[in-house]
Amino acid sequence: GSAAPVGKVVQCRPLGAVCLIDEGQADWKILAVNIDEGGPLADAQSIEDVERLAPGRIAECLKWLDDFKQSSAKDAEAQLQLEVHGIEVARR
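None of these values were measured; they are calculated from a predicted model.

Reading the values: the criteria
Positions within a chain are numbered from 1, following the residues in the order the chain's sequence is written. Only residues with pLDDT of at least 70 get local features here, since the model is predicted, and only at 80 or more are side-chain atom pairs given and counted; chain-wide, interface and lining totals rely on the full set of residues. Water and hydrogen atoms were dropped before computing side-chain values, which therefore reflect all heavy atoms in the structure. At least two bridges found by DSSP between two strands are what make those strands a pair. Segments assigned H or I by DSSP are reported as helices when at least four residues long, segments assigned E as strands when at least two residues long, and all are numbered from the N terminus. The salt bridge criterion pairs a side-chain nitrogen of Lys or Arg with a carboxyl oxygen of Asp or Glu, the two atoms within 4 Å. Only protein chains enter the accessibility calculation, which uses a 1.4 Å probe. A residue is then buried if its area is under 20% of the maximum for its type, exposed if over 50%, and partly exposed in between. Multiplying 1.5 Å by the helix residue count minus one yields the expected span of that helix. Note that the arc is defined by the directions from the helix axis to the C-beta atoms. Side-chain atoms within 4.5 Å are what join buried Ala, Val, Leu, Ile, Met, Phe, Trp, Tyr and Cys residues into a set we call a nonpolar core. Between two residues, a contact is recorded if the distance between any of their heavy atoms is within 4.5 Å.

Engineer: Explain the pairing of strand S2 (residues 25–34) here, please?
Structural biologist: Within a regular strand, side chains alternate between the sheet's two faces. Sheet topology places strand S1 (residues 12–22) next to S2; 10 bridges connect them, and they run antiparallel. When the sheet's bridge partners are listed, arginine 13 is paired in S2 with valine 33. Between S1 and S2, which pair antiparallel in sequence order, lie two residues; one of them, glutamate 23, sits at a positive phi of approximately 55 degrees.

Engineer: I would appreciate a short explanation of the pattern of salt bridges in the present structure.
Structural biologist: A pair can form between side chains of opposite charge whenever their charged atoms are brought close. Tallied over the full model, the rule gives three salt bridges. In this structure, arginine 52 and aspartate 49 form a salt bridge, with 3.4 Å as the shortest nitrogen-oxygen distance. On the criterion of helical spacing, the pair formed by arginine 52 and aspartate 49 is a turn pair, its members being three residues apart in helix H1 (residues 47–53). Arginine 52 sits in the exposed class, given a relative accessible area of 57%. Relative accessible area serves as the criterion here: at 17%, aspartate 49 is assigned to the buried category. Ionic pairing is found between lysine 63 and aspartate 67, a salt bridge with its closest N-O pair at 2.8 Å. Taken together, the positions of lysine 63 and aspartate 67, both in helix H2 (residues 57–72) and four residues apart, correspond to about one turn of that helix.

Engineer: Please clarify how the environment of valine 9 should be interpreted in this entry.
Structural biologist: Of note, valine 9 is situated in the segment before S1. Taking the relative accessible area as the measure of exposure, valine 9 reaches 74% and is therefore exposed.

Engineer: In this structure, what is going on with H2? I would like to understand it.
Structural biologist: An α-helical segment advances 3.6 residues per turn. Residues three or four places apart therefore align on the same side. The end-to-end C-alpha distance of H2, which contains 16 residues, comes to 23 Å, matching closely the 22 Å that a straight helix rising 1.5 Å per residue would cover. Turning to H2, its buried residues number three or more, namely Ile58, Leu62, Leu65 and Lys69. Around the axis of H2, the buried residues are gathered within 60 degrees of arc, so they sit on the same side. Across H2 from its buried face, at more than 90 degrees, point the exposed residues Glu60, Lys63, Trp64 and Ser71.

Engineer: Sorry if this is basic, but what is going on with the nonpolar core here?
Structural biologist: Here is a general trend for soluble globular proteins: nonpolar side chains tend to be buried in one another's company. Core analysis: the biggest nonpolar cluster contains 12 residues, these being Leu15, Val18, Leu31, Val33, Leu41, Ala44, Ile47, Val50, Ala54, Ile58, Leu62 and Leu65. Tallying contributions element by element places H2 first for this core, with three residues. Setting aside its immediate chain neighbours within four residues, leucine 65 contacts Val18 and Lys29.

Okay, structure coming up:
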């Protein structure tokens, strides 16, 4: 699907979470799919569904997060924990 414009509010379904360690603090990021757009990912109910429907998409998102944090970090200590946690963690 296409990217939503910056600032647009869309309905999403949380699927999982990853943790960034930034300046010694946990910075959790929620992985979600846009359910307003339609398309195959709108029906995804889990990270595994995303991998099945769009192989490599999760890795692509993790790389984007890591690249973004590294480019905006005040120091080189931003670390992405590559473990993708399930919906239970995302909903906490």
